[in-house]
Amino acid sequence: MIPSSAAPLTAAALALAALLAPSQADAFERQWHAGAGIGYALLADGGSYPGIGGSVHLTYGLTDAFNALVELNTASHPGGDLMMLGASAGAAYVLDILQWVPYVGLMAGAYDSVRLAPCGSHGQPDCHSGRFGVSVPFGLDYAFSRQFAAGFAGKYTLLIPGAGDGPGSYFTAFARAEFLWGY
């Protein structure tokens, strides 16, 4: 039994706990996302080669906290006479309980560094330098509705050395939009 002097304090503590308790979350499993992004790309190695790029992505909600990701991207880097092509897949941890949806993940994929300058002949570098890469995607989306979101997506990729020369890492920062369905 609670002493009568502690009753108002107990009632106030219970009222405060009820007021501060989290409301129902709006995270969804089995939700699909399909979208595209455009923005800045940077090849980093002996020199830095900025460029402009784009991507398309498809995401599936495995649980309310983890998504499977597939992404195709391309970027042109005129300073280094290079074009990058990439395809990667992975998973991301998503904090999908608010209208602002932050995420971070891990992906692996194949990348091709395509030379736009003279290449392929004797004494010239190869025209293509295929590499594997491991990347960390991150971003922040704003869900305007259950069907549409837009935001910022970044991705740092470490390119695993392979045959031929080429950049050692790759960074992209894109503005993106996506359609959502299936919750």
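Residues numbered from 1 in each chain as written. Predicted model: local features only at pLDDT ≥ 70, side-chain atom pairs only at ≥ 80, totals over all residues. Heavy atoms only, no water.

Draft legend 1. Layout of the overall build of the protein. Along the backbone of the protein there are one helix and eight strands. Going residue by residue from the N terminus, the α and β elements of the protein occur as α-β-β-β-β-β-β-β-β. Across the 183 residues in the protein, those meeting the buried criterion constitute 33%. A sequence separation of at least 24 residues applies to 57% of the contacts in the protein between residues at least 6 apart. As displayed, the protein offers around 10,300 Å² of accessible surface, 70% of which is attributable to carbon and sulfur atoms. (Helix = DSSP H or I, 4+ residues; strand = E, 2+ residues; numbered from the N terminus. Buried < 20%, exposed > 50% of the residue type's maximum accessible area, 1.4 Å probe, protein only. Contact = heavy atoms within 4.5 Å. Areas by Shrake-Rupley, 256 points an atom, 1.4 Å probe, with all protein chains shown as cover.)

Draft legend 2. Spatial organisation of the confidence of the model for the protein. Scored by pLDDT, the protein has a mean of 84; 81% of the residues are at 70 or more. Note on residues 18-26: pLDDT under 50 across the span, and three contacts to partners over four residues away in sequence or across chains. (pLDDT = per-residue confidence, 0-100.)

Draft legend 3. Examining the sheet that holds strand β4 (residues 82-94) more closely. Spatially, eight strands are ordered β1-β2-β3-β4-β5-β6-β7-β8 in a closed barrel, and the strand pairing comes out antiparallel. Mean inter-strand twist for the sheet, computed between neighbouring axes without regard to direction, equals 25 degrees. Pairing of strand β5 (residues 100-115) with strand β6 (residues 128-143), which is carried by 13 bridges, proceeds in the antiparallel orientation. Within the sheet, the bridge partner assigned to M107 lies in β6 and is S135. (Pairing = 2+ DSSP bridges. Axes fitted to C-alpha atoms, helices over the stretch in contact; angles between N-to-C directions.)

Draft legend 4. Structural context of the nonpolar core. Core analysis: the largest hydrophobic core is formed by eight residues, namely A41, L43, A75, L82, M84, Y111, L159 and Y170. Elements supplying a minimum of two residues to this core: β1 (32-44) and β4. For L43, the contacting residues outside a window of four places in its chain are S48, Y49, H77, L82, M84, P167, S169 and Y170. Grouped together as the second largest cluster of nonpolar side chains are seven residues, A92, V101, Y103 and M107 included. (Core = buried A, V, L, I, M, F, W, Y, C linked by side-chain atoms within 4.5 Å.)

Draft legend 5. Broad picture of the side chain of T172. Structurally, T172 is set in strand β8 (residues 169-181). Owing to a relative accessible area of 5%, T172 belongs among the buried residues under this scheme. Setting aside residues no more than four positions away along its own chain, T172 makes contact with Y40, A41, A153, G154 and K155.

Draft legend 6. Region of interest: the side chain of T157. Mapped onto the fold, T157 is located in strand β7 (residues 148-160). Assessed through its relative accessible area of 0%, T157 is described here as buried. Ignoring sequence-local partners within four residues, the contact set of T157 consists of Y111, G133, V134, S135, G168, S169 and Y170.

Draft legend 7. Spotlight on a nonpolar patch on the surface. A grouping of L62, F66, Y93, L95, I97, L98, V104, L106, F132, V134, V136 and I160 is seen on the molecular surface, where their side chains present a nonpolar patch of about 1,100 Å² in accessible area. Among the elements of the structure, β5 and β6 are those that each provide at least two residues to the nonpolar patch. Tallying contributions element by element places β6 first for the nonpolar patch, with three residues. Of note, V136 is situated in strand β6. (Patch = residues over 30% accessible without salt bridge, like charges linked within 9 Å, V, L, I, M, F, W, Y side chains within 5 Å. Salt bridge = Lys/Arg side-chain N within 4 Å of Asp/Glu carboxyl O.)

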